[in-house]
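Observations on the model geometry
Spelled out from the first residue to the last, the chains are:
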Amino acid sequence: MFDEHIGTYTIVSYMKYFIAWYYLLPLGLAPHFAQAQAGYPPPCDQIKQVKLDTDQNKRLILINFMRNCVGKYWLNDKGIVLLREYQNEQGKLCWLLLPSIDDSYKDNPPNRFASFEGDIILVFDADSNRNVKPTIGDKTLLNQCLEQIIGDRVYTRPVIKGRWTDMVLPFTDRKMKEGAHRHALGNGGSLLIIFNSDGSYEKLLPV
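This section reports on the structure supplied with the text. Starting afresh in each chain, residues are numbered from 1 along the sequence in its written order. Thresholds applied to this predicted model are a pLDDT of at least 70 for local features of residues and 80 or more for the giving and counting of side-chain atom pairs; totals over whole chains, interfaces and linings are not thresholded and use all residues. The side-chain quantities take in all heavy atoms of the structure and omit both hydrogens and water.

1. Focus on the overall build of the protein
Secondary structure is summarised from DSSP: a helix means a run of H or I of at least four residues, a strand means a run of E of at least two, and numbering begins at the N terminus for each. Check the secondary structure of the protein and you find four helices and seven strands. For the protein, the N- to C-terminal ordering of α and β elements is α-α-β-α-β-β-β-β-α-β-β. Working definition: with a 1.4 Å probe on protein chains only, accessible area under 20% of the residue-type maximum means buried, over 50% means exposed, and in between means partly exposed. The buried share of the protein, taken over its 207 residues, is 33%. Contact definition: two residues touch when any of their heavy atoms are within 4.5 Å. In the protein, 63% of the contacts between residues at least 6 apart in sequence involve partners at least 24 apart. A total accessible area of about 14300 Å² is found for the protein, and carbon and sulfur atoms account for 56% of it. Exposure was quantified through the Shrake-Rupley algorithm and a 1.4 Å probe, taking into account, for residues, occlusion by the shown protein chains and nothing else.

Here it is as C-alpha cells:
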C-alpha cells in the first residue's frame, strides 16, 4: 500500500536501492555499495552522530515535523531541530521537538546530533520534566564542533544591548528605562511525542 506521507522521492530512492542490491548481491559487491552509500563522516568527533529514524513511525514523525517547520518556523533558509529525549514518569520514551533558527543551543550544547534528509537535529538529554540536563564535556570544544556541522543553518544571536526610549508611564509619570520588548507566545511549533511499548505513539502539543 502506498503511504502518501512518504512521497514519490522516497519511493524512487527505495527502488533504486533495491535494484542495486538485487544486481550487486550475486557479485559480492553489495557490502561495498552499502559502505559507499554511508555518506561523509562528521567533520569533527567531539559530537556523537546518532540515528533517530530507526523505524517507520519515527521516520514519518520527523518528516512531518520538518515539513511543518519549512516556511512557517524555518525562514530564509535557516533552521534546525532541537530534540529533547527523556523518559516520562511512566518510563516511556519521549521526544520534545522544537524548531530553531538561532544559535541558542550554544548555552548548553548537546553531545549528540542526527542528520536527517539533509537537515540537522541536535539531541539533548532531558529530565522527566522536559528540562535539558547540563552539558557534559567542554562547551567550547562542543560548540566549535557544532559550528562545523550546522554551518549557516542558524542565525548568530546579536549582543544584548539596551533600548533607549522617551516613554513616560501614564498616571505615575515614571520614565521608562527600556524600550518595548516583544515575546512570542504559544508553543512555537513544538511537538511532544510519547512512544508506547507496543510500537504506537501519541502526539501532544506541550503546555
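2. Quick look at the state of the cysteines
The disulfide criterion is simple: two cysteine sulfur atoms within 2.5 Å. Counted according to the given criterion, the structure contains one disulfide. The disulfide bridge from Cys44 ends at Cys145, spanning 1.9 Å between sulfur atoms. On the S-S bond that ties Cys44 to Cys145, the torsion sits near 90 degrees, and the link is right-handed. Residue Cys44 is located in the loop between helix H2 (30-36) and strand S1 (48-49), and its partner Cys145 is located in helix H4 (residues 139-150); the two are separated by 101 residues in the primary sequence. Here Cys44 matches Cys145 in class, with each residue buried.

3. A look at the environment of Arg174
With respect to the helices and strands, Arg174 occurs in the loop between H4 and strand S6 (191-195). For Arg174, a relative accessible area of 52% puts it in the exposed group. In this structure Arg174 touches Met167, Val168 and Leu169, once residues within four positions along its chain are discounted.

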